[in-house]
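Listed below are the residues making up each chain.
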Amino acid sequence: MKKRDFLLIGAVLALALLCWVVPRAAGIFAGKDASRVRVTVGGEEYGTYRLSEDQTIEIQDTNVCEIKDGEVNMIQADCPDQLCIHQGPIRIQGETIVCLPNRVVVEITGKDKEEQLDGVVQ
Ligand SMILES: [Zn+2]
């Protein structure tokens, strides 16, 4: 009887530990994937992309930016100044690449509530 009690307590403790660990582990995992790349054209949202997924984004016919290794870089633009390309890659939340002539803004943002629904934004 006593051994069974120990087993029961052990099982409850294990379950409690699991309930404590799993959400935190999931939170760390979600946190790693939290950064998003938001592209706006003329103040209108053009699209939101995951910073963790390597991809090339064509913005209108004017700009092309690339997400690679957790960085965003403008790799092509038809603007006369080419400032957006010379700016170099961004990777930290709040950083932006702005192409003024084309009114293109590429911004790194955190995850917001809307974006937690995977696949909806993409
Ligand atoms: Zn530009």
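Everything numeric here is computed off the predicted structure, so don't read it as measured data.

Conventions used here
- Residues numbered from 1 in each chain as written.
- Predicted model: local features only at pLDDT ≥ 70, side-chain atom pairs only at ≥ 80, totals over all residues.
- Heavy atoms only, no water.
- Helix = DSSP H or I, 4+ residues; strand = E, 2+ residues; numbered from the N terminus.
- Buried < 20%, exposed > 50% of the residue type's maximum accessible area, 1.4 Å probe, protein only.
- Contact = heavy atoms within 4.5 Å.
- Areas by Shrake-Rupley, 256 points an atom, 1.4 Å probe, with all protein chains shown as cover.
- Donors = N, O, S within 2.8 Å, 3.2 Å for Na, K, Ca; no water.
- Polar contact = N/O pair within 3.5 Å; in protein donor to acceptor, adjacent residues only side chain to side chain.

A. Here's a closer look at the overall build of the protein chain. Along its length, the protein chain carries two helices and seven strands. Reading the protein chain from its N terminus to its C terminus gives the helix and strand order α-β-β-β-β-β-α-β-β. Buried residues in the protein chain amount to 29% of all 122 residues. Considering only intrachain contacts with a sequence separation of at least 6, the fraction spanning at least 24 residues in the protein chain is 31%. When the accessible surface of the protein chain is split by element, carbon and sulfur atoms take 58% of a total near 8,400 Å².

B. Up close: the coordination of the zinc ion. In the first shell of the zinc ion, the protein supplies Cys-79 (SG), Cys-84 (SG) and Cys-99 (SG), at 2.2 to 2.3 Å from the metal. All donor residues of the zinc ion come from one chain, and their arrangement in sequence is C-x4-C-x14-C. On the basis of relative accessible area, Cys-79 is assigned to the buried category, the value being 3%. A residue is classified by how much of its surface remains accessible, and Cys-84, at 1% relative accessible area, is buried.

C. Focus on the side chain of Thr-48. Looking at where Thr-48 falls in the secondary structure, it is placed in strand E2 (residues 44-50). Here the side chain of Thr-48 touches Glu-45 through a polar contact of 2.7 Å, side chain to side chain.

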